Amino acid sequence: MRCDYFEAGRCRSCTELTVPYPRQLDAKVRAVQDLVRTPGLTWLDPVPSRERRFRNKAKMVVGGTVAHPLLGIQAPFAGAGVVNDLRHCPLHEEAVEAALPILADFVRTAALTPYDVPTRRGELKHVLVTASPDGELMVRLVLRSREAEARVRKHLPGLLAALPSLAVVSLNILPAHAAVLEGAQEIVLHGDTLTMRVNDLSLHLRPRSFFQTNTEVAAALYRAATSWLTERAPATLWDLYCGVGGFALHAARALPGLAVEGVEVSAEAIASATRTAQELDLASARFVAGDATNLVPTTGPVPDVVVVNPPRRGIGPDLAAWLEESGVGTVLYSSCNARSLAADLAAMPSLRPVRAQVLDMFPQTAHYEVLTLLER
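None of these values were measured; they are calculated from a predicted model. (Residues numbered from 1 in each chain as written. Predicted model: local features only at pLDDT ≥ 70, side-chain atom pairs only at ≥ 80, totals over all residues. Heavy atoms only, no water.)

**Quick word on the pattern of salt bridges**
Note on pairing: side chains with opposite charge can pair once their charged atoms come close.
Part 1: Enumeration over the complete set of coordinates arrives at 22 salt bridges.
Part 2: Taking the shortest distance from any N to any O, the salt bridge between arginine 153 and glutamate 149 comes out at 2.9 Å. Of this pair, arginine 153 and glutamate 149 are both found in helix H4 (residues 149–162), 4 residues apart, which corresponds to roughly one turn of the helix.
Part 3: The buried category is assigned to glutamate 149, whose relative accessible area is 10%.
Part 4: A salt bridge links arginine 355 to glutamate 231; the shortest N-O distance between them is 3.2 Å. One end of the pair, arginine 355, is in strand E16 (residues 352–359); the other, glutamate 231, is in helix H5 (residues 215–232), with 124 residues separating them in the sequence.
Part 5: The class of glutamate 231 is partly exposed, set by a relative accessible area of 48%.
Part 6: Here the salt bridges share partners, and the residues they tie into one network are Arg140, Glu182, Glu186 and Arg208. (Salt bridge = Lys/Arg side-chain N within 4 Å of Asp/Glu carboxyl O. Helix = DSSP H or I, 4+ residues; strand = E, 2+ residues; numbered from the N terminus. Buried < 20%, exposed > 50% of the residue type's maximum accessible area, 1.4 Å probe, protein only.)

Now the structure itself:
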């Protein structure tokens, strides 16, 4: 893939861009297999991705001025607060790229002063855009305070007219001067949920809910997981770190009567999963807000299957110890970091990896997703 920003030195996020894609994929598979070494483990063929236009979300740092806003990334090797405009990044889906110039115009119209890191002045820190497979959009404006809320509300009808694909618009308030993407307070101005059509399901995505970056590969991930689970025909399933319920809802749809419980720290994601379950009339699917890492039950029946999809740090020693001692017969582990996966597997020696597959969620980088089936 060619990228003008990379060649000009304005962005180096795609660390593997100069490597031909087949070699990228082979390197990821070898890296994962070197870390996850188990006798008898069957590796399925990896799932490739499109090399470009695969990313369903843009996380744009805002710089420049009100008159000339920049939407992009902290400039490599530059001082704090210097932003390179990347609104035509070739990774973004077409709907995202088409929206960014319109959103830059809205910054000017609503007089949203870009936040300046060195002086800690200004309001608009990030513009976050997510596209659904049907081309609808969620736009979140991350602001330092609510100072600009009235202006955003005043000019919102014009934005909706210029960008009719907008399904959700919200303000996120991040008062802290910190290197984080968003704050805890969300003010929804338009709509409430973005519908992500994945395989035969319409998953709901509310602001502050996690969803995989690559929709096509996420669909393949859920298909593989559902197929592996269907072979075992469980009666009960826990989906830990469930997000908006992708694994649990696919399984519940494929296995009528399956009792599902999903756990996720984000209350917004739980609301999204619950809404989808209600629309699908899945009465046996239940979702609760909580920290799955600290979920170490001491009483009550354990499920037939546990699905875990943790952040890069993995599930950690407490949850791994509980799974090891629990008697759970099957664990499906979806990981974005084979190092933490290997450490967690070492802490669960009674749960043996029997099948695994690398899915290339993040082309042009060394990152990936790996799905592993463990059986006691």
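**Some details on the packing of aromatic side chains**
Part 1: Overall, the coordinates contain 2 aromatic pairs when judged by the stated rule.
Part 2: Measuring from ring centre to ring centre gives 5.0 Å for tyrosine 222 and phenylalanine 247, while their planes differ by 90 degrees; the resulting arrangement is edge-to-face. With tyrosine 222 in helix H5 and phenylalanine 247 in helix H6 (residues 246–254), the pair connects residues that are 25 residues apart, well separated along the chain. Note on accessibility: tyrosine 222 and phenylalanine 247 belong to one class, buried. (Phe/Tyr/Trp six-rings, centres within 6.5 Å; stacked < 30°, edge-to-face > 60°.)

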